[in-house]
Amino acid sequence: MAEGEVRPNKKVVLRNYVNGFLQESDMVAATDTVRLEVPHGWTAVIVKNLYLSCDPYMCLRMASPEESIEFPSFVVGSVMIGYGVSKVVVSRHKDLKVGDLVWGMIGWEEYSLISDPDFLMKINHPELPLSYYTGILGMPGMTAYIGFYELCAPKKGEFVFVSAASGAVGQLVGQFAKMTGCYVVGSAGSDEKVNLLMEKFGFDDAFNYKKEQDLNAALKRCFPEGIDIYFENVGGAMLDAVLLNMRISGRIAACGMISQYNTEKLEGVHNLMNIVTKRLRMEGFVVADHYSKYREFEEMVVQHLKSKEITYVEDITEGLESAPAALVGLFKGQNVGKKLVVVARE
Ligand code: NAP
């Protein structure tokens, strides 16, 4: 691949702002060309994209600027942006050279011009599957680490509940909780996922929330003594039921509320008084505020991966054109494990 060469560049573009439930037709595939050349005077890089990460927050960025909550909206007609793994093919940046493998924010396209490469992280462990840098060694892994260890301050013997437990973040939270000596229960939306939680990730118990008539009763069955730590991924009715089952001085890490991302009418939460009477601490966080701890996290998880104390399940789709369906599938529970899309294999 020669510098200055012009290549076709397949991409996925936001067609319109999302109103209601995210649909594949909100995105469209397109092809234009890219010149493999950094504009004069820029300290930028051009990367060839290998793996794209499908993440629930992306749909929040697909809302119109008037409706978006905190996260800046994508621009209609422009390429979708998300986390991914890439290889540097042209560099004008002092710390990156051609051939370096990186992860960070890229376009949903074959080649991206990254104008501020300081936000890209170099991949230190290419001996592990590179796709792990979209999941366990990337943003979702870091989310599990910060949310569980920093916000929840877990102690051995505590009772931990994780919702959306088989997903990119949840499967790791459950394994961290087991490594800490906690009792951990997860909820997920199919029997296949429930089996995975117990057989593969070592959760002590798990339930299929779609089959439960009464979430409060399901939690009472799993936690007769109550919950010390709730790792919140879904919000809505599950949060309401959890509040009833928290123990005194319990902690809730508000990581995400996926059940509320695609609804036109947000659900109310009724049991908030439990926060007062049980002296609970519920704290939200955004992983991007914590990347100064990334290297510490990476080394810890790499060690546990290599010693096989931690495992990770990915749900891999081939081809950039399949990315819209892969993203929509997150909100229908179609992914089993971390959802990612292969654009190219180096
Ligand atoms: P994921 O679990 O890999 O995929 C999403 C899963 O959510 C689906 O597979 C589905 O699993 C579940 N789900 C979808 N719609 C649902 C609904 N209406 N009610 C209940 N569950 C539903 O996603 P992830 O990447 O691990 O993300 C999990 C949560 O963490 C999300 O809320 C995300 O926004 C949040 N997050 C936050 C940060 C942060 O910085 N705070 C960073 C990353 C992720 P089931 O089959 O189990 O329903």
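This report concerns the structure included in the present document. Predicted, not measured: the structure shown is a model, and the values here were computed from it.

### Some words on the site of the ligand
Okay, step 1: Looking at the ligand, there are 26 residues lining it, with Lys 193, Tyr 209, Tyr 261, Val 287 and Asn 335 nearest.
Okay, step 2: In the environment of the ligand, an oxygen atom lies 2.9 Å from a nitrogen or oxygen atom belonging to the backbone of Gly 189.
Okay, step 3: Here a nitrogen atom of the ligand sits 2.8 Å away from a polar atom, N or O, in the main chain of Phe 285.
Okay, step 4: For the shell around the ligand, a count of residues per class yields 17 nonpolar, eight polar and one charged.

### Here's the deal with the packing of aromatic side chains
Aromatic rings considered in pairs are described by the distance between their centres and by the relative angle of their planes.
Okay, step 1: Across all of its chains, the model carries 17 aromatic pairs by this definition.
Okay, step 2: Their ring planes at 85 degrees and their centres at 6.2 Å tell us that Tyr 57 and Phe 71 sit as a pair that is edge-to-face. In this pair, Tyr 57 is assigned in the loop between β3 (45-53) and β4 (81-91) and Phe 71 in the loop between β3 and β4, connecting sequence segments 14 residues apart.
Okay, step 3: What makes Tyr 57 buried here is its relative accessible area of 16%.
Okay, step 4: An angle of 5 degrees between the planes, with centres 5.9 Å apart, marks the rings of Phe 161 and Phe 207 as stacked. Remark: Phe 207 occurs in strand β10 (residues 205-208) and Phe 161 occurs in strand β8 (residues 159-162); sequence separation between them is 46 residues.
Okay, step 5: The class of Phe 207 is buried, set by a relative accessible area of 2%.
Okay, step 6: Every member of this aromatic cluster is reached through a ring pair, and the members are Tyr 57, Phe 71, Tyr 83, Trp 103, Tyr 145, Phe 148, Tyr 149, Phe 176, Tyr 291, Tyr 294 and Phe 297.

### Let's talk about the side chain of Asn 9
Okay, step 1: Examined against the element boundaries, Asn 9 turns out to sit in strand β1 (residues 6-14).
Okay, step 2: Asn 9 sits in the buried class, given a relative accessible area of 2%.
Okay, step 3: Engagement of the side chain of Asn 9 in a polar contact is seen with the side chain of Glu 109, the distance being 3.5 Å.
Okay, step 4: In contact with Asn 9, not counting residues within four places along its chain, are Ala 30, Thr 31, Asp 32, Thr 33, Val 34, Glu 109, Glu 110 and Tyr 111.

### A word on unusual backbone geometry
Okay, step 1: Positive phi, normally seen in glycine, also occurs at Ser 249, with a value near 65 degrees.
Okay, step 2: Locating Ser 249 in the fold gives a position in strand β12 (residues 246-254).
Okay, step 3: Positive phi is not limited to glycine here, since Arg 279 has a value of about 50 degrees.
Okay, step 4: Mapped onto the elements, Arg 279 comes out in the loop between α6 (273-277) and β13 (281-284).
Okay, step 5: A relative accessible area of 56% means that Arg 279 is categorised as exposed.

Scoring rules and cut-offs
- Residues numbered from 1 in each chain as written.
- Predicted model: local features only at pLDDT ≥ 70, side-chain atom pairs only at ≥ 80, totals over all residues.
- Heavy atoms only, no water.
- Near = heavy atom within 4 Å.
- Polar contact = N/O pair within 3.5 Å; in protein donor to acceptor, adjacent residues only side chain to side chain.
- Nonpolar A, V, L, I, M, F, W, Y, C, P; charged D, E, K, R; others polar.
- Phe/Tyr/Trp six-rings, centres within 6.5 Å; stacked < 30°, edge-to-face > 60°.
- Helix = DSSP H or I, 4+ residues; strand = E, 2+ residues; numbered from the N terminus.
- Buried < 20%, exposed > 50% of the residue type's maximum accessible area, 1.4 Å probe, protein only.
- Contact = heavy atoms within 4.5 Å.

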